[in-house]
Amino acid sequence: MTDNLKNAAPWATLIIITGMSGAGKTIAVQSLEDLGFFCVDNLPPVLIPKFAELIEQSNGKIGKVALVIDLRGREFFTALSESLNYIKDHFTIHCEILFLNANDGVLVQRYKESRRRHPLAPDGMPLDGIRLERKMLEELKSSATQVIDTSVMKPATLKARIISRFSHLESSMLSVNITSFGFKYGIPIDADLIFDVRFLPNPHYVDQLRPHTGQDSDVYDYVMKWPETQAFLTKLLDMLHFLIPQYRKEGKSQVIIGIGCTGGKHRSVAISEYLGKMLGASETESVSVSHRDADRDRH
């Protein structure tokens, strides 16, 4: 055992995504990205040990990695077994091999629909390349920790299967980002949910409140004192307490909630601050609050 092995982070996970061309590796990568994995497509197997060193040296910043290894790099493919053995001997990185498979008929049909050529039969019939590829991957398939046959799977089913299989590696904490904004400056393009609070009484029309923001206690109390505000917050929190677990179940690692008023200074800021306090009390979410437009007209 080397010194590197003693210092390695035992929580680090490396997933090798491989299998038959056309069996769904792209969907697998996208699914693992949604679970917070750092993904690299078509990495030559000889570089896997170097990647393991980067994981170890990242000091926890890179803890979950997925690498796609397939026959596009076939001149390097024979080095995969040697590279994985090297990792096993020199690092304490948990390594799994996800092998995606499908029957010949389905793969031929997928190649016809995509109008792509098989990497092992660029000038011939796809079935010839599929059969050759299957023979070359036979030994690797036998050593895989997870084999998924996608012959009769829809993309959404495959995604759900992968999320179910690997979600235990993801933190149970869902990142909830709440941001206030002003509609007159545009809607945040990255928001998953948008709520309009322009129906609430506006502190802008109270002279002593106008210069301040919803983070100031006087403005915050003004927004919160109205019955319609309390009724709205009760309904909104009930909705969010329902929606957030559904997002987590779907495999999302982050939800962005936009709260908008006219200028993004008073009502939306106060409501965002309140939601941050209420949702932040949960032990299953990591909550942050930001205010995009609150200081725009102070300059």
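The name given to the protein chain in an unreviewed UniProt entry is RNase adapter RapZ, and the organism recorded there is Paenibacillus terrae.

Q: Could you give an account of helix α9 (residues 217-224), naming the residues involved and the relevant values?
A: All of the buried residues in α9 are Val219, Tyr220, Tyr222, Val223 and Met224. On its buried side, α9 packs onto α10 (227-250) and α11 (267-280).

Q: Any details on the nonpolar core? Residues and values, ideally.
A: Among the nonpolar cores identified, the biggest contains 46 residues, and Ile17, Leu32, Ile48, Leu67 and Leu98 are the most heavily contacted of them. Breaking this core down by element, the ones donating at least two residues are β1 (13-19), α2 (25-34), α3 (48-57), β3 (64-68), α4 (80-90), β4 (94-101), α5 (104-114) and α8 (155-166). Beyond its immediate stretch of four places on either side in the chain, Ile17 contacts Lys25, Ala28, Val29, Leu32, Ala66, Leu67, Val68, Ile69, Leu98 and Leu100. Core analysis: the second largest hydrophobic core is formed by 30 residues, Val176, Leu233, Tyr247 and Leu279 among them.

Q: Requested: an account of the environment of Tyr220, with residues and values cited.
A: Mapped onto the fold, Tyr220 is located in helix α9. For the pair formed by Tyr220 and Leu209, sequence separation is eleven residues and the distance between their alpha carbons is 9.9 Å. Not counting the four nearest positions on each side in its chain, Tyr220 is found in contact with Gly214, Ala270, Glu273, Tyr274 and Lys277.

Q: Could you give me a rundown of the packing of α3 against α4, with the residues and numbers involved?
A: Where α3 contacts α4, the axes come no closer than 9 Å and their chain directions differ by 30°. With respect to their mutual orientation, α3 and α4 come out roughly parallel. By crossing handedness, the relation of α3 to α4 is classed as right-handed. The segment α3 lies against α4, with Ile48, Pro49 and Ala52 engaging Leu80, Ser83, Tyr86 and Ile87.

Q: An account of the side chain of Ser268 is requested, with residue identities and associated values reported.
A: Residue position: Ser268 is located in helix α11. Taking relative accessible area as the criterion, Ser268 reaches 0% and is therefore assigned buried. When sequence neighbours within four positions are dropped, the list of residues in contact with Ser268 reads Ser180, Phe181, Val197, Ile259, Gly260 and Cys261.

Q: Describe the packing of α9 against α11, and please don't skip the residues or the numbers.
A: Look at α9 against α11: their axes get within 9 Å of each other, and the N-to-C directions meet at 85°. Classed by the angle they form, the pair α9 and α11 counts as roughly perpendicular. Between α9 and α11, the residues in contact are Tyr220, Val223 and Met224 and Arg267, Ala270, Ile271, Glu273, Tyr274 and Lys277, respectively. Here the residues of the contact of α9 with α11 sort into six nonpolar, no polar and three charged.

Reading the values: the criteria
- Residues numbered from 1 in each chain as written.
- Predicted model: local features only at pLDDT ≥ 70, side-chain atom pairs only at ≥ 80, totals over all residues.
- Heavy atoms only, no water.
- Buried < 20%, exposed > 50% of the residue type's maximum accessible area, 1.4 Å probe, protein only.
- Helix = DSSP H or I, 4+ residues; strand = E, 2+ residues; numbered from the N terminus.
- Contact = heavy atoms within 4.5 Å.
- Core = buried A, V, L, I, M, F, W, Y, C linked by side-chain atoms within 4.5 Å.
- Axes fitted to C-alpha atoms, helices over the stretch in contact; angles between N-to-C directions.
- Parallel < 35°, antiparallel > 145°, perpendicular 65-115°, else oblique.
- Left-handed = near helix turned anticlockwise from the far one by under 90°.
- Nonpolar A, V, L, I, M, F, W, Y, C, P; charged D, E, K, R; others polar.

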